[in-house]
Each structure stands twice: as C-alpha cells, then as structure tokens.
Amino acid sequence: MDRPKLEVADVLRCYGEAYREQHAASLSTGQRRVMSAIELCRTAALGTHLERCDQCPYERTCYDSCRNRHCPKCQSLARAQWIEDRQSELLNTEYFHVVFTLPEEIAAIAYQNKEVVYDILFRTTSETLRTIAADPKHLGAEIGFFAVLHSWGQNLLHHPHLHCVVPGGGLSADGTQWISCRPGFFLPVRVLSRLFRRLFLEYLLQAFDAGKLGSFSALEPLRDRSALLRHLAPTRETEWVVYAKRPFAGPEQVLDYVGRYTHRVAISNNRLLDIEQSKVTFRYKDYRHDSQQKTMTLDAEEFIRRFLLHVLPTGFQRIRYYGFLGNRYRNEKLARCRQLLGMAACAPPAPEAGQDYRDRCQELTGSSLWECPVCHQGRMAAVAILPPSPNRRTAVTDTS
C-alpha cells in the first residue's frame, strides 16, 4: 500500500509549537508526550539506519518509530497480531456487534475524568450484557466478549462509546450445554439500554461521593452534589443509545472494523486531504445522512485540539475481555465451547522464538519489508546504524 502523502505528524510539525505556546496552561503532560512522539516518529531524532539491497545498488535511509499507541503510523504489526489472535478464538456461531454510547451530558464529565468514567463505562457495559444474558427470560447463559473503547466520532469530537463483539450464545450455568440465541436476535436493546443507564448513573454518583470526580472550568458548578443531580436529571428520562446487530459478512468483518482503531486513535493518515494556510481538510463519513462521504476543513489549531481530546491516561487498557473470554479462564472455557459446538480444538498460533519482526509482518499481512522495492529480487539489510540526532526538533522527511 502506498504511504499517505499527508500525515497527522505534518500538522503537528507545522503548527504544534504554536499550539503549545498558546495552550501551555491547559495541555497535560500526556498530551505533550503524544505530540512530541508523533512529531519525531520516523525522523533522525529517534535514530536512523541505512539499508542496502544485496542484489542491486539501491540504498535507503530508514528512521525509527515512536511506538506510541496514539500515532497513526505505528503499531501496525501489533494490530495484525491482535486480529489473528481474535480470529483464532472465533466460534462456529452467529456474532453480534453491540455498541454502548454515553449521552452528551456525561461525555463532558468523562473528558475531565477519563480514567474514572471510562472504567465505569467498561464496568457497566460488562454487567449489563452479562446480567441480561444470564437471565433465563432472555438467554440464560454465560456469554463471552471483548470491548474496545472509542472516544471519537468521524468529526473527531469527543464521543465516548464501546464496541463489543459478542458470540450469539453462551455456556449454561453448569457448563454442560451451549445455549444459542434466536437466529438473528441477540438480546433486547431496550432492556440493555435501561439497565446500562441505571447502573452507570449509580456508579457515577458513587464515584462522586468517594471524591473521585473532578469538575473544572465550565463544569465547576458540578462540584456540588445537588447541581450534579440536576445536570444528570435529563439523562434519567432519555433512552441511552445501545444497538446490536449481526454483522452481515460474519465476525471477521467486525474484527476488521474494530481492529482499525485498536492500536491508534481518532483519525488515520489516509483521511487527510490538504494542509495549507493553517487549515486541515479531511474526509469523514456522515452517519446522519446515509453514511455519505464528505469533507471537513478545520483551523489547524482546532484540528490539533480535537485530536488531543482522545489521548488516553497512561497505562489505560482500552481493550478488555469478559465472560468466557476473560483472561483468567479463557483457554479452558473456549476449549469447552468448542467441544460443545463440535469444533476441533485450536490454540492461537504463536510466533517462532527469536523470529524477526519483518518475517512476522510478512506472515500476518502478506507485505514484505525485506524485498527491494527497485529490483524486487534482492533482500534489504542494515549496513549502518546512526545514533539519534541531538537536535530533537529537526523534522526529516520520512523515506523509510
């Protein structure tokens, strides 16, 4: 695949320093680190090595990656490995894509309390799905699923929601049967929505009472409990957005969709169309108008602001596993599910010990990092390693 002509790194290299100066008081340490990592990714500042083809005179300079999980260029190998691992766990049953979304009134609180509120989002989503699924009136089974946090919409604004990939069935309470849901129907969405709303508001107030919620700037009045209750009152009367649908092309389609965002955030480089005159133009999909492809132009300052909305707290786990896919008993319970579904036992493929990452990349993606792009016969090999540039602000064009 051709490398995108424009990158988020280009925006930050052009306008990032001015943004830091203008918003010095409001930028967190995490946001500053993300900006610096993306700016320096695959430049001489992080280190350089020279590669030469063993069959022709072609040489190329390659720059090291930042490996930051917010970087649009990094983590492609980790993403491919994650997708392969999840594919190895697929069961011979229907799969459903379930999304839990927070209302706008709570999204604002979530932005100022990311770790606390995002944890509550994961907890209430898990309890909602597992409680309703375990109810004999609905499914009466222990289900298993994974959830991935997205905090953005196509326009890059703050829009926290969880994508869950759920098999259409589960284990009976005694583990002796596989109980399937009705064909084409998982769990009643309205029941999920109302339990999700009740649990989330309960846990949010518990966090407030425990002194775990902060309120700043425009939300400062919410430091008072009665003001917070008034702020949340409308959300108790509205239907929270939860939807579940069976993927038309099977679970692999959902894995591919969710996998695009497991190892980066907000926007991919190939959506960028233009960067000039302090403006950034990018493509987006308008879901309110039949998913039409449209373009949006933002001031570079606003683009950077929106991108930084989605920087995660250090160490925060944005992919989590529940039920029979929970890490502790996953292998044992997956083996039982396969047995009850009449499937052959299967272990996730493991990379060979000491295997070069370029060989692993070719196995997972079919794309060779070894092949010479000129003669297509030779093998590229490192012939010299250069230390990182002492000038960390130097931006070098990526030719790797």
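Here goes a summary of the coordinates provided.

Cut-offs applied
- Along every chain, residues carry numbers that run from 1 in the direction the sequence is written.
- Local features in this predicted model are restricted to residues whose pLDDT is 70 or higher, and side-chain atom pairs enter the listing and the counts only when it is 80 or higher, whereas totals over whole chains, interfaces and linings include all residues.
- Each side-chain value is worked out from all heavy atoms of the structure, with water and hydrogens disregarded.
- Here a helix means four or more residues in a row that DSSP labels H or I, a strand means two or more in a row labelled E, and each is numbered from the N terminus.
- Put simply, the radius of gyration uses C-alpha atoms, and a globule should come to 2.2 Å times the residue count raised to 0.38.
- Think of it in three bands: with a 1.4 Å probe and only protein chains considered, a residue is buried below 20% of the maximum accessible area for its type, exposed above 50%, and partly exposed in between.
- Contacts are assigned to residue pairs that have any heavy atoms within 4.5 Å of one another.
- Using the Shrake-Rupley algorithm and a 1.4 Å probe, accessible areas are obtained, with residue cover drawn only from the displayed protein chains.
- Lys and Arg are tallied as positive, Asp and Glu as negative. Neither His nor the chain termini are counted.
- A single reference atom marks each charge: NZ on Lys, CZ on Arg, CG on Asp, CD on Glu.
- For cavity detection a 1 Å grid was placed over the protein atoms alone, and a set of points counts as a cavity when a 1.4 Å probe fits there but cannot get out; an open set counts as a pocket when protein lies on both sides within 12 Å along at least five of seven lines, with lining residues being those that have an atom within 4 Å of a point.
- Grid points are joined across faces, edges and corners, and a volume is the space filled by probe spheres set on the points.
- Only Asp, Glu, Lys and Arg are considered charged in this grouping, and only Ala, Val, Leu, Ile, Met, Phe, Trp, Tyr, Cys and Pro are considered nonpolar; every other residue, Gly among them, is considered polar.
- Whenever two N or O atoms come within 3.5 Å, that pair is a polar contact, provided that in protein one can donate a hydrogen and the other can accept it, and provided that, for residues adjacent in sequence, both atoms are side-chain atoms.
- The term salt bridge refers to a side-chain nitrogen of Lys or Arg lying within 4 Å of a carboxyl oxygen of Asp or Glu.

## Remarks on the overall build of the protein chain
Helix and strand counts for the protein chain come out as 11 helices and 13 strands. Over its C-alpha trace the protein chain gives a radius of gyration of 24 Å, about what one expects of a compact globule, namely 21 Å for 400 residues. Each principal axis of the C-alpha distribution contributes one length, and for the protein chain these read about 70 × 60 × 40 Å. Among the 400 residues that make up the protein chain, the fraction classed as buried is 49%. Taking contacts inside the protein chain between residues at least 6 apart in sequence as the whole, the part at least 24 apart equals 71%. Surface accessibility of the protein chain: about 20400 Å² in total, with carbon and sulfur atoms responsible for 49%. Charge separation in the protein chain, taken as the distance between the mean sites of 52 positive and 44 negative side-chain charges, equals 3 Å.

## Examining the environment of Arg-246
Of note, Arg-246 is situated in the loop between strand E8 (242-245) and helix H8 (251-259). Put simply, Arg-246 and Phe-96 are 150 residues apart on the chain and 4.4 Å apart in space, counted from C-alpha to C-alpha. Once residues within four sequence positions are removed from consideration, Arg-246 is found in contact with Glu-94, Tyr-95, Phe-96 and Gly-184.

## Focus on the layout of surface pockets
Roughly 560 Å³ of volume is contained in the second largest pocket. Broken down by secondary-structure element, the contributors of at least two residues to the lining of the second largest pocket are helix H2 (29-40) and helix H9 (300-308). If you tally residues by element for the lining of the second largest pocket, the top one is H2, at four residues. Partitioned by chemical class, the residues of the lining of the second largest pocket number 10 nonpolar, nine polar and four charged.

## Quick notes on the side chain of Asp-286
Positionally, Asp-286 belongs in strand E10 (residues 279-286). The buried category is assigned to Asp-286, whose relative accessible area is 11%. Engagement of the side chain of Asp-286 in a polar contact is seen with the side chain of Lys-294, the distance being 2.7 Å. Those residues within four positions of Asp-286 in sequence are excluded, and the remaining contacts are Ser-291, Gln-292 and Lys-294.

## Some details on the pattern of salt bridges
One pass over the full model with this rule turns up 19 salt bridges. Of the charged contacts in the structure, one is a salt bridge between Asp-10 and Arg-13, with a shortest N-O distance of 3.8 Å. Note that Asp-10 and Arg-13 are positioned in helix H1 (residues 8-22) at a spacing of three residues, about one turn of the helix. Residue Arg-13 is classed as partly exposed on the basis of its relative accessible area, which comes to 23%. Put simply, Lys-294 and Asp-286 hold a salt bridge, and the shortest N to O gap is 2.7 Å. One salt-bridge network, in which partners are shared between bridges, spans Glu-17, Arg-20 and Glu-39.

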